[in-house]
Amino acid sequence: MAILITGGCGYIGSHTCIELLKAGQDIVVLDNYYNAKPEALRRVQELAGKEFPFYECDIRDADGLRRIFAAHKIDAVIHFAGLKAVGESVQKPLEYYDNNVGGTVTLCQVMAEMGCKRIVFSSSATVYGMNNPSPLQEDMPTGAVTNPYGRTKYVIEEILKDVCVSDPDWTVVLLRYFNPIGAHESGRIGEDPNGIPNNLMPYISQVAIGRLPRLSIFGDDYDTPDGTGVRDYIHVVDLAVGHVKAVDFALKHTGAEVFNLGTGTGYSVLDLVKAFQDANGVEVPYTIAPRRAGDIATCYSDPSKAERLLGWKAAHDVVDMCRDSWRWQSQNPQGYGD
Ligand code: NAD
Ligand code: UDP
């Protein structure tokens, strides 16, 4: 019995591998290294003190997937593999639909063929779109998304729900992540974005380490307490533990279920900058810039369903998140290197 992790070399996947191994699960990992380096999994094995099978494989490669399912008894799949840059998705929509939507369809076809019908999927709070008020709850309407990346998440959610309707043997757990930040407390694994980061926390830490001159804060005239955007930042290790609970749930239930994974608390951009400076004793110079297209003022979760049905609750606070992000960045100024 093993859990297959697609995209397991990536930021959230690598942290989830560690938590699954800690919980005593056997894992099999696949990744095509599009946005990851082998060093990440080497460090996961070192931290966990365990080895596990890894396949360099693309989720769009049905024969490659078949070989993995034939070689291992896979009970469930945690599906992280996908492209995730919002701006890039606007430039390259077909790549995003092909990789994220096409890849998920191929994965599910092979799963059904090989008799594995349990999947935990990495969705996103972005599916709630522009029109729902926070705290966001799982039964609010979805689909008013503002970019192709978000649309892939929405469409995949709908496809997976349709699969459950068509065949009652399927289990689908849709996890809507809020804003994952932080890193493993060892400082050995963390987020290693290619090029200039799009997301706030990697940008802050690269400014703090001197790789970038200053942060641009996208708008200070939102209808929020200090005018800057408010988000629900969640420690990546809490998110990883959420997957351990979600896979346990998937092994015991059938049908489709949706869960928010967030803390339920919103922090503004200025709150996060200040928390990072205070937690780490470093300066983060910033300027106020125009709003970024497609951003909303406020987005935070109601995480109570995950607590009720999964027995999961975020355990780390914003100081832990800032401290662990900085430990990773300062110990690995060039990420995993070349
Ligand atoms: P990541 O880029 O670090 O990890 C994704 C991994 O998937 C990478 O290792 C990449 O090489 C791999 N991959 C991409 N396409 C593949 C393919 N066709 N076949 C095999 N492997 C492939 O991203 P992450 O931050 O760890 O995110 C994991 C998942 O969570 C993604 O689906 C992402 O959309 C979703 N998500 C992320 C966030 C976030 O802020 N990080 C928020 C919400 C949802
Ligand atoms: N943000 C910012 N400067 C940056 C990156 C992000 O001010 O360089 C703001 C962004 O406008 C939003 C918040 O930080 O209010 C979180 O953005 P991020 O891209 O990390 O996540 P999102 O919630 O957009 O997915």
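For every chain, the first residue of the written sequence is number 1, and numbering continues from 1 onward in sequence order. Chain A is the first chain written and ligand 1 is the first ligand written, with later ones labelled in order. Per-residue local features are limited, in this predicted model, to residues with pLDDT of at least 70; the limit for side-chain atom pairs, both in listing and counting, is 80 or more; totals at the level of whole chains, interfaces and linings are taken over all residues. Remark: hydrogens and water are excluded; side-chain values derive from all non-hydrogen atoms of the structure.

Undergrad: Account for unusual backbone geometry, with residues named and values stated.
TA: Across the junction of Ser 134 and Pro 135, the peptide omega takes the value 5°, indicating a cis bond. Looking at where Pro 135 falls in the secondary structure, it is placed in the loop between strand 5 (118-124) and helix 6 (148-166). You will see that Tyr 33, though not glycine, has its phi angle at about 60°, which is positive. A run of H or I in DSSP becomes a helix once it reaches four residues, and a run of E becomes a strand once it reaches two; helices and strands are each numbered from the N terminus. One can find Tyr 33 in the loop between strand 2 (27-31) and helix 2 (38-48).

Undergrad: Tell me about the site of ligand 2, and please be specific about residues and values.
TA: Around ligand 2, a shell composed of 15 residues is seen, among which Leu 200, Ser 216, Arg 231, Arg 292 and Asp 295 lie nearest. In protein, a polar contact means a hydrogen-donor-capable atom and an acceptor-capable atom, both N or O and within 3.5 Å, with residues adjacent in sequence counting only if both atoms are side-chain atoms; elsewhere, any N or O pair within 3.5 Å suffices. Take Asn 179: an N or O atom from its side chain is 3.0 Å from an oxygen atom of ligand 2. Between ligand 2 and Phe 218 there is a distance of 2.9 Å, counted from an oxygen atom to a backbone nitrogen or oxygen. About the coverage of ligand 2: the protein hides 86% of its 510 Å² of free accessible area. Sorting the residues of the shell around ligand 2 by element identifies helix 7 (200-208) and strand 8 (215-218) as the ones contributing at least two each. In terms of residue count, strand 8 provides more of the shell around ligand 2 than any other element does, four residues in total. For the shell around ligand 2, the class distribution of residues is seven nonpolar, five polar and three charged. Whether a residue is near a molecule or strand depends on its heavy atoms: it is near if one of them lies within 4 Å of it. Only the protein chains shown count as cover for residues, with accessible areas throughout obtained via the Shrake-Rupley method and a probe of 1.4 Å. Lys, Arg, Asp and Glu make up the charged group, whereas Ala, Val, Leu, Ile, Met, Phe, Trp, Tyr, Cys and Pro make up the nonpolar group; the residues left over, Gly among them, are polar.

Undergrad: Which residues make up the pairing of strand 2, and what are the values?
TA: Within strand 2, five of the five residues are buried, which leaves it mostly tucked inside the rest of the structure. Here strand 2 shows no split at all, with Ile 27, Val 29 and Asp 31 on one side and Val 28 and Leu 30 on the other all buried. A pair of strands is treated as paired once DSSP finds two or more bridges between them. Sheet analysis places strand 1 (residues 2-6) next to strand 2, joined by four bridges and oriented parallel. Paired with Thr 6 across the bridge in strand 2 is Leu 30. A crossover gets the label right-handed when its path from the first strand over the helix to the second runs clockwise, viewed with the strands pointing away from the viewer. In this fold, the crossover linking strand 1 to strand 2 by way of helix 1 (residues 11-22) has right-handed handedness. Two elements, strand 2 and strand 3 (residues 54-56), share three bridges in a ladder whose sense is parallel. Bridge assignment links Leu 30 to a residue of strand 3, and that residue is Tyr 55. Between the parallel elements strand 2 and strand 3, the chain passes through helix 2 in a crossover that is right-handed. The buried label applies to any residue whose accessible area, calculated with a 1.4 Å probe on protein chains only, is under 20% of its type's maximum; exposed applies above 50%, and partly exposed to all values in between.

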